[in-house]
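Reading the structure
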Amino acid sequence: MKFFIDTADLDEIKELADTGLLDGVTTNPSLIAKSGGNILDVIAGICEIVSGPVSAEITATEVDMMLEEAEILGSIASNVTIKVPLTVNGLKTCKLLREQNKMVNVTLCFSASQALLAAKAGATYISPFVGRIDDVGGNGMDLIDEIVGIYSQYPGIKTEVLVASVRHPLHVIEAAKIGADVVTLPPSVLRQLFSHPLTDKGLTAFLDDWRKTGQSIIEQSKTRA
Ligand code: G3P
């Protein structure tokens, strides 16, 4: 399963990219607004840090303008993935961009029928928003299960299921059990994945016992050389 982070905060991206566990980044207009930077600089900055796919979302609603924006964003770096909304024009744009071999992430997916259309338009990624479905009393993970199940019936579908709007570690585990291709995580959720109180407790006990021995692996290796 690939791990992307869902943020436009360059400091967060730098810090988490250092773990070596990041496969890509997703952004959206709200995250760009939150970063306080202008979109072209922010996307260029992210692409300097991360070599995997970096989703940059177009904001036009008509196909001609969508293509023009896609051209601008795509020229920033070869790893930019154009993010388009799941609208008729978004899917038209997706199809045209895919014919030019550009990577496309179709976003704002809330139903299996929308996911089917995105696959038909050749999307590289489909982004169902699990948290926002949960927020209105639905079950986001049921949608992931449905889409992964449908796509698996058709070997010709190459669209990857990118689980978005993730709120907590359980979403990640459920997505992995279902076999989703990618999860995009807010940095706080990625950090939560590392933590377990028994890991901290166990490490403290190991290090306390080790200190009492007075041993050092590095010092021992020097005397044995
Ligand atoms: O980037 C798309 C998605 O992950 C947004 O998440 O938390 O705003 O629902 P959220």
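Rules and cut-offs
Residues numbered from 1 in each chain as written. Predicted model: local features only at pLDDT ≥ 70, side-chain atom pairs only at ≥ 80, totals over all residues. Heavy atoms only, no water. Patch = residues over 30% accessible without salt bridge, like charges linked within 9 Å, V, L, I, M, F, W, Y side chains within 5 Å. Areas by Shrake-Rupley, 256 points an atom, 1.4 Å probe, with all protein chains shown as cover. Salt bridge = Lys/Arg side-chain N within 4 Å of Asp/Glu carboxyl O. Helix = DSSP H or I, 4+ residues; strand = E, 2+ residues; numbered from the N terminus. Core = buried A, V, L, I, M, F, W, Y, C linked by side-chain atoms within 4.5 Å. Buried < 20%, exposed > 50% of the residue type's maximum accessible area, 1.4 Å probe, protein only. Contact = heavy atoms within 4.5 Å. Near = heavy atom within 4 Å. Polar contact = N/O pair within 3.5 Å; in protein donor to acceptor, adjacent residues only side chain to side chain. 1 Å grid on protein atoms, 1.4 Å probe; cavity = no way out; pocket = protein on both sides within 12 Å on 5 of 7 lines; lining within 4 Å. Sits in = over half its atoms within 2 Å of the grid points. Nonpolar A, V, L, I, M, F, W, Y, C, P; charged D, E, K, R; others polar. Axes fitted to C-alpha atoms, helices over the stretch in contact; angles between N-to-C directions. Parallel < 35°, antiparallel > 145°, perpendicular 65-115°, else oblique. Left-handed = near helix turned anticlockwise from the far one by under 90°. Arc of directions from axis to C-beta. Phe/Tyr/Trp six-rings, centres within 6.5 Å; stacked < 30°, edge-to-face > 60°.

Some details on a nonpolar patch on the surface
A contiguous nonpolar surface patch, about 320 Å² in accessible area, is contributed by Leu203, Phe206 and Leu207. With respect to the secondary-structure elements, phenylalanine 206 resides in helix 11 (residues 197–213).

Comments concerning the nonpolar core
Within soluble globular proteins, side chains that are nonpolar tend to cluster in buried spots. Counting residues in hydrophobic clusters, the biggest one holds 56 residues, and the most contacted among them are Ile82, Val106, Ile126, Ile144, Val161, Val163 and Leu185. Ranked by residue count, the leading element in this core is helix 8 (residues 140–152), at six residues. If we ignore the near neighbours within four places in the chain, the residues touching valine 163 are Pro128, Val130, Met141, Ile144, Ala175, Ala180, Val182, Val183 and Thr184.

Concerning the site of the ligand
Asp6, Asn28, Lys83, Phe129, Arg132, Ala164, Ser165 and Arg167 make up every residue found near the ligand. One of the side-chain N or O atoms of asparagine 28 is found 3.0 Å from an oxygen atom in the ligand. Within the side chain of serine 165, one N or O atom sits 2.7 Å away from an oxygen atom of the ligand. Protein chains shield 82% of the accessible area of the ligand, which is 310 Å² for the free molecule. Of the pockets mapped on this structure, the ligand occupies the largest pocket. Among the residues making up the shell around the ligand, the classes are represented as two nonpolar, two polar and four charged.

A closer look at the packing of helix 4 (residues 63–74) against helix 5 (residues 88–99)
Two elements in contact, helix 4 and helix 5, have axes whose closest approach is 9 Å; the angle formed by their N-to-C orientations is 50°. By the criterion of interaxial angle, the relationship of helix 4 to helix 5 is oblique. The chirality of how helix 4 crosses helix 5 is right-handed. Residue-level contacts link Val63, Met66, Leu67 and Ala70 of helix 4 to Asn89, Gly90, Lys92, Thr93, Leu96 and Leu97 of helix 5. Partitioning the contact of helix 4 with helix 5 into residue classes produces six nonpolar, three polar and one charged.

Points about the side chain of threonine 107
Looking at the element boundaries, threonine 107 is found in strand 5 (residues 104–109). Not counting residues up to four positions away in its chain, the partners in contact with threonine 107 are Glu57, Lys83, Val84, Pro85, Leu86, Ser127 and Phe129.

Quick notes on helix 10 (residues 187–194)
Listed in full, the buried residues belonging to helix 10 are Pro187, Val189 and Leu190. Down the axis of helix 10, the sector holding all buried residues measures 165°, keeping them to one side. Tucked into the core, helix 10 has its buried residues touching strand 1 (2–6), helix 1 (10–17), helix 9 (169–178) and strand 8 (182–185).

Here we look at the packing of aromatic side chains
When we look at a pair of aromatic rings, we describe it by the centre distance and by the angle of the planes. All told, the structure shown has two aromatic pairs when counted by the stated rule. Geometrically, the ring pair formed by phenylalanine 110 and phenylalanine 129 is edge-to-face, given 5.6 Å between the ring centres and 65° between the ring planes. Here phenylalanine 110 is found in the loop between strand 5 and helix 6 (112–120), whereas its partner phenylalanine 129 is found in the loop between strand 6 (125–128) and helix 7 (130–135), with 19 residues between them in sequence. Overall, phenylalanine 129 belongs to the buried group, its relative accessible area being 8%.

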